[in-house]
Amino acid sequence: MAKKKTKTPAKPKAVKKPRKPISFKLSKQQKILLGSFLFFLGLALFISFASYLFTWKADQSTLTDLTDREVPAANWLSKFGAAISHVIMYKGFGISSFILAALTAITGVYYFFDFTRGKLRSFWFWGIIVMLWLAVFFGFFSDTNDLLGGMVGFEINDFLQDYLGFIGAAFLLAFIAVVYAVIRLKLTPEKVSSFFASKKKEFTEEFTTQTDVKDSVQDSVVVDNAFAKANKEEESPAEITLNTATEKTKTAFEKNIENLQPTIGKPKSKPAPVEMIMEIEVPDPEPESTADEIKVEVEATKEEVVVEKTLSDKLVADFGEFDPTLELGNFKFPPIDLLKDYTGGQGITINQEELEENKNKIVETLNNYKIGIANIKATVGPTVTLYEIVPEAGVRISKIKNLEDDIALSLSALGIRIIAPIPGRGTIGIEVPNKNPRIVSMRSAVAAKRFQEAEMELPLTLGKTISNETFVVDLAKMPHLLMAGATGQGKSVGLNAILTSLLYKKHPAEVKFVLVDPKKVELTLFNKIERHYLAKLPDTEEAIITDNSKVINTLNSLCIEMDARYDLLKDAMCRNIKEYNTKFKSRKLNPNNGHRFLPYIVLVVDEFADLIMTSGKEVETPIARLAQLARAIGIHLIIATQRPSVNVITGIIKANFPARIAFRVTSKIDSRTILDTSGADQLIGRGDMLYTQGNDVVRVQCAFVDTPEVERIVDYIGGQKAYPDAHLLPEYVGEESGTSLDIDKSDRDALFRQAAEVLVIAQQGSASLLQRKLKLGYNRAGRLIDQLEAAGIVGPFEGSKARQVLVQDIVALDELLNNE
């Protein structure tokens, strides 16, 4: 048999690795070196050109042989300066070559400091055009001096004159100058005329004022002479002179009034549809009153008051007022340096080109729909710019409101919101996001004077408004806050900003937090300040609640605390917690009678929808009760959810939460669920939010506080002396503890055995199941469930869930019942 030839396996071909593309991106060091080189090169060119103006004739001989070191050059940069100036100025662009030196130096500065180089290309483009224009323009005077336009300017000018003539070449240069003024400098006839009109008005007013002063001085001299003459001669000509002087003064005054009086009855001219001057609002300090005011002094009547010193007055005199912070008297508030400044200490930078571009697009879009604009004004904020427009008479507001999508399309921007009209201003607002939004740091919000000097019970600094003002509100006056928004839009950061605000303003003795965190990761950082600021139930390990089953106990415990506080207020005859604590500090309430200093309690729930899904009515009922009654005794609720549907935020909850914060949501229905109006679906995200307290809606950029910043704050507070334990809430014993009323067999229901078999077979401990299977009423089925729990057949109460069946089958049930 012939041997089969075995084929040797082919060797795999070597795969060539693709070459890495050459990267032309410069490193930081390369940018610094390149920037330094270009800056000094531009400076050298400038010096060479300046010297060449005076030494170019003397250096003509040195240009023939630059290699001969024996021949000196008169230029300040020697032969290099003479040669490069001869090439660029004499054979190039003349004295306009200084622009080239300036552009080179500016480029070096941009690379050295690593500025954005978007404007640099614009500088070079327009700089070269101006350099060529000047060279051609000075070419008209090349007969006088060769250096004015250089060889390039002379040749181009000569070429233009050959084909267009002198006048045609001049017209062409004039047209290019107009193009530069309109496109680059944004000059329009309206701007030029308004500039000269304002200057003329200033000059006229100054001249009129000087003339009036001169006339008044002359009139007073005439009057004085008239009186002097009357005293001497005691005749009537003095009266004639006086009357003449008075008439002269009156005539000058009436002329000034006529000059200042606006024209009445003239028809208003319509503004130009394309060009419009936009006013940028800059907040001015509040003007002081200059009018002469007559002060009325009121003398208070003195009454004799007989004051009897009470026991509380004597205690205050001996020991002073009660200080709740005395136990932690050395407590120090966290310094502002723990927070990061994301702005670098810079304020808002106004991009004039962006404002002008957006203004023109808004006006053009409205003109396309035949909507005239009488005036437009821009207010620049950290992330959004508000354009306030005043439409012409007869324009319907709804017509502008319906153009929201068209304006967004023309501006190519996300999150356009139209406020029609702006309450209290009589204008229509168009909010447009900035191309380069600015982060509002928590440091700037906390350091603001408005927050530091806020005389509020529970001040919260939430961020900054469109007008770049720090937005500070009082949680005690809200009195409860509802936050909602899609996932990742800033709810958790908003909660951290609220808690940080209170940590920077309130002592641990003045406020306590009850934190509910179903996510288990958002609020866990605050565990470090448990013995300073947190409150919890007795016999619980962690103060931050992450188990939904424990939330029900905590909420009911807060209801018990609320009832107890109302009893204390009733005994003290006070209407709210502020009056009560003031009375207690004044030692007018006896601690032996149960009175104590009451700190504010803030309940924070991070994900409310999860609680509603798992516990339902067991959570909604105490939440609604707290929201209705807890305001006066200092318990305030902050609830956040990312699913603002109607079954989560019910009507009972919405009715008791007038203060609401809406971050960006996905639909108008969600926006109306939170705010009762649309707008939250048009936000841009990343902390952009709408705040309302039952009246106006305010757009705010939420202050950003990062996790490392919160960690530094809680570490600083946690490292100080603390209370022995967290603030303990009243103990609550719920239905889950079970009952022992029906332990006796003789008290069991006649259907006990059948009920046990139904639940064991179904493996579901539910009273409703017994109602259906055994045709019972709810009360009897509930008693059977209690008896089965006492017998160990079903487990304890678990909220809205069915009870667990502890017996596996009928055989095990028979053994259990027979062994009793």
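Here the structure is shown first, and the text comes after it.
Brief notes about the overall build of the protein
Okay, so step 1: Counting its secondary structure elements, the protein contains 26 helices and 16 strands.
Okay, so step 2: Looking at the 820 residues of the protein, the share that counts as buried comes to 41%.
Okay, so step 3: Once local pairs closer than 6 in sequence are excluded, the contacts in the protein between residues at least 24 apart make up 68%.
Okay, so step 4: Carbon and sulfur atoms make up 56% of the accessible area of the protein, which totals about 48600 Å².

Here we look at helix H2 (residues 78-93)
Okay, so step 1: Along its 16 residues, H2 runs 21 Å from first to last C-alpha, staying within 8% of the 22 Å computed at 1.5 Å per residue.
Okay, so step 2: Along its length, H2 shows its largest kink, about 35 degrees, at His86.
Okay, so step 3: Every buried residue of H2 is listed here: Lys79, Gly81, Ala82, Ala83, Ser85, His86, Ile88, Met89 and Gly92.
Okay, so step 4: The inward-facing, buried residues of H2 abut helix H1 (28-55), helix H3 (98-112) and helix H5 (150-183).
Okay, so step 5: At the exit of H2 stands Gly94, carrying a positive phi of roughly 70 degrees.

Some remarks on the nonpolar core
Okay, so step 1: Grouped together as the largest cluster of nonpolar side chains are 100 residues, with contacts concentrated most on Phe513, Phe526 and Phe608.
Okay, so step 2: Setting aside residues no more than four positions away along its own chain, Phe608 makes contact with Val619, Ile623, Ile639, Ala640, Thr641, Val648 and Ile653.

As for the side chain of Glu789
Okay, so step 1: One can find Glu789 in helix H25 (residues 778-790).
Okay, so step 2: Within the structure, Glu789 has its side chain in polar contact with the side chain of Arg803 (distance 2.7 Å).

Focus: helix H23 (residues 752-762)
Okay, so step 1: Where H23 is concerned, the buried positions are Phe752, Ala755, Ala756, Val758, Leu759 and Val760.
Okay, so step 2: Among the residues trailing H23, Gln763 stands out with phi positive, at a value near 50 degrees.

A closer look at the sheet that holds strand S11 (residues 600-605)
Okay, so step 1: Spatially, the nine strands line up as an open sheet ordered S7-S6-S15-S14-S13-S8-S12-S11-S9, and their pairing is mixed. Edge strands, defined here as strands with exactly one partner in the open sheet, are strand S7 (470-474) and strand S9 (511-516). The sheet shows a mean angle of 30 degrees between the axes of neighbouring strands, taken without regard to direction.
Okay, so step 2: Note that strand S8 (residues 481-484) and strand S13 (residues 659-662) share four bridges and pair parallel. In the strand pairing of S13, Leu482 is matched with Arg660.
Okay, so step 3: Strands in contact with helix H18 (residues 608-615) are S9, S11 and strand S12 (635-641); relative to S12, the strand with the most contacts, it is inclined by about 90 degrees.

Comments concerning the environment of Gly485
Okay, so step 1: Its location among the elements puts Gly485 in the loop between S8 and helix H14 (491-505).
Okay, so step 2: Here the alpha-carbon distance between Gly485 and Pro644, two residues 159 residues apart in the chain, equals 7.3 Å.
Okay, so step 3: Not counting chain neighbours up to four residues away, the residues in contact with Gly485 comprise Lys491, Thr641, Gln642, Phe663, Arg664 and Val665.

Focus: the pattern of salt bridges
Okay, so step 1: With the rule as written, the count across this model stands at 24 salt bridges.
Okay, so step 2: In this structure, Arg443 and Asp337 form a salt bridge, with 3.5 Å as the shortest nitrogen-oxygen distance. Residue Arg443 is found in helix H12 (residues 442-447), and its partner Asp337 is found in the loop between helix H8 (311-319) and helix H9 (352-368); the two are separated by 106 residues along the sequence.
Okay, so step 3: Here Lys536 ties to Glu530 by a salt bridge, and the two come within 3.1 Å at their closest N and O atoms.

Digging into unusual backbone geometry
A negative phi holds for most residues other than glycine; trans holds for most peptide bonds.
Okay, so step 1: Residue Pro479 is reached from Met478 by a cis peptide bond, and omega for that bond is -5 degrees.
Okay, so step 2: Structurally, Pro479 can be placed in the loop between S7 and S8.
Okay, so step 3: One non-glycine residue, Asp676, lies in the positive phi region at around 65 degrees.
Okay, so step 4: The backbone of Gln763 shows a phi angle near 50 degrees, a positive value even though the residue is not glycine.
Okay, so step 5: The residue Gln763 is located in the loop between H23 and helix H24 (767-774) in this model.

Some remarks on the packing of aromatic side chains
Okay, so step 1: A complete count under the given rule lists 19 aromatic pairs for this structure.
Okay, so step 2: Judged by centre distance (5.5 Å) and plane angle (70 degrees), the rings of Phe39 and Phe40 are edge-to-face.
Okay, so step 3: When its relative accessible area of 33% is taken as the criterion, Phe39 is described as partly exposed.
Okay, so step 4: For the pair Phe137 and Phe138, a centre-to-centre distance of 5.6 Å together with 65 degrees between the ring planes defines the contact as edge-to-face.
Okay, so step 5: Judged by relative accessible area, Phe137 falls into the partly exposed class, the value being 32%.
Okay, so step 6: One aromatic cluster is present, built from ring pairs that chain together Trp133, Phe137, Phe138 and Phe141.
Okay, so step 7: The ring of Phe451 has Lys505 lying over it, and the distance from NZ or CZ to the ring centre is 5.6 Å.
Okay, so step 8: Above the plane of the ring of Phe752 lies Arg748, whose end atom (NZ or CZ) is 4.4 Å from the centre.

Overview of the packing of H24 against H25
Okay, so step 1: Packing of H24 against H25 leaves a shortest axis separation of 9 Å and a crossing angle of 120 degrees. Between H24 and H25, the crossing angle belongs to the class labelled oblique. Crossing of H24 over H25 shows right-handed handedness. Facing Ala767, Leu770 and Gln771 of H24, the residues of H25 in contact are Tyr778, Ala781, Leu784 and Ile785.
Okay, so step 2: Looking at the contact of H24 with H25, its residues break down into six nonpolar, one polar and no charged.

Some points on a nonpolar patch on the surface
Okay, so step 1: A cluster of nonpolar side chains, Phe39, Phe40, Leu43, Phe46, Ile47 and Trp76, forms an exposed patch at the surface whose accessible area comes to about 630 Å².
Okay, so step 2: Note on placement: Phe39 falls in helix H1.

Some words on the environment of Gly651
Okay, so step 1: Position of Gly651 among the secondary structure elements: in helix H20 (residues 651-655).
Okay, so step 2: For Gly651, a relative accessible area of 53% corresponds to the exposed category.
Okay, so step 3: C-alpha of Gly651 to C-alpha of Thr673: the two residues are 22 residues apart in sequence and 9.6 Å apart in space.

Describing the pairing of strand S3 (residues 384-391)
Okay, so step 1: The element S3 is largely enclosed, with a buried count of seven among its eight residues.
Okay, so step 2: Where strand S2 (residues 373-380) and S3 come together, seven bridges link them in antiparallel fashion. Counted as the bridge partner of Lys377 is Glu388 from S3.
Okay, so step 3: Remark: three residues form the turn of the hairpin made by S2 and S3, two consecutive strands paired antiparallel.
Okay, so step 4: Here six bridges tie S3 to strand S5 (residues 428-433), and the two strands are oriented antiparallel to one another. Bridge pairing links Tyr387 to Ile430 in S5.

Conventions we followed
- Residues numbered from 1 in each chain as written.
- Predicted model: local features only at pLDDT ≥ 70, side-chain atom pairs only at ≥ 80, totals over all residues.
- Heavy atoms only, no water.
- Helix = DSSP H or I, 4+ residues; strand = E, 2+ residues; numbered from the N terminus.
- Buried < 20%, exposed > 50% of the residue type's maximum accessible area, 1.4 Å probe, protein only.
- Contact = heavy atoms within 4.5 Å.
- Areas by Shrake-Rupley, 256 points an atom, 1.4 Å probe, with all protein chains shown as cover.
- Expected span 1.5 Å × (residues − 1).
- Bend = angle between axes of the 7 residues up to and from the residue.
- Core = buried A, V, L, I, M, F, W, Y, C linked by side-chain atoms within 4.5 Å.
- Polar contact = N/O pair within 3.5 Å; in protein donor to acceptor, adjacent residues only side chain to side chain.
- Pairing = 2+ DSSP bridges.
- Axes fitted to C-alpha atoms, helices over the stretch in contact; angles between N-to-C directions.
- Salt bridge = Lys/Arg side-chain N within 4 Å of Asp/Glu carboxyl O.
- Phe/Tyr/Trp six-rings, centres within 6.5 Å; stacked < 30°, edge-to-face > 60°.
- Lys NZ or Arg CZ within 6 Å of the ring centre and 35° of its normal.
- Parallel < 35°, antiparallel > 145°, perpendicular 65-115°, else oblique.
- Left-handed = near helix turned anticlockwise from the far one by under 90°.
- Nonpolar A, V, L, I, M, F, W, Y, C, P; charged D, E, K, R; others polar.
- Patch = residues over 30% accessible without salt bridge, like charges linked within 9 Å, V, L, I, M, F, W, Y side chains within 5 Å.

Take it as geometry only, folks, not as evidence of what the structure does.
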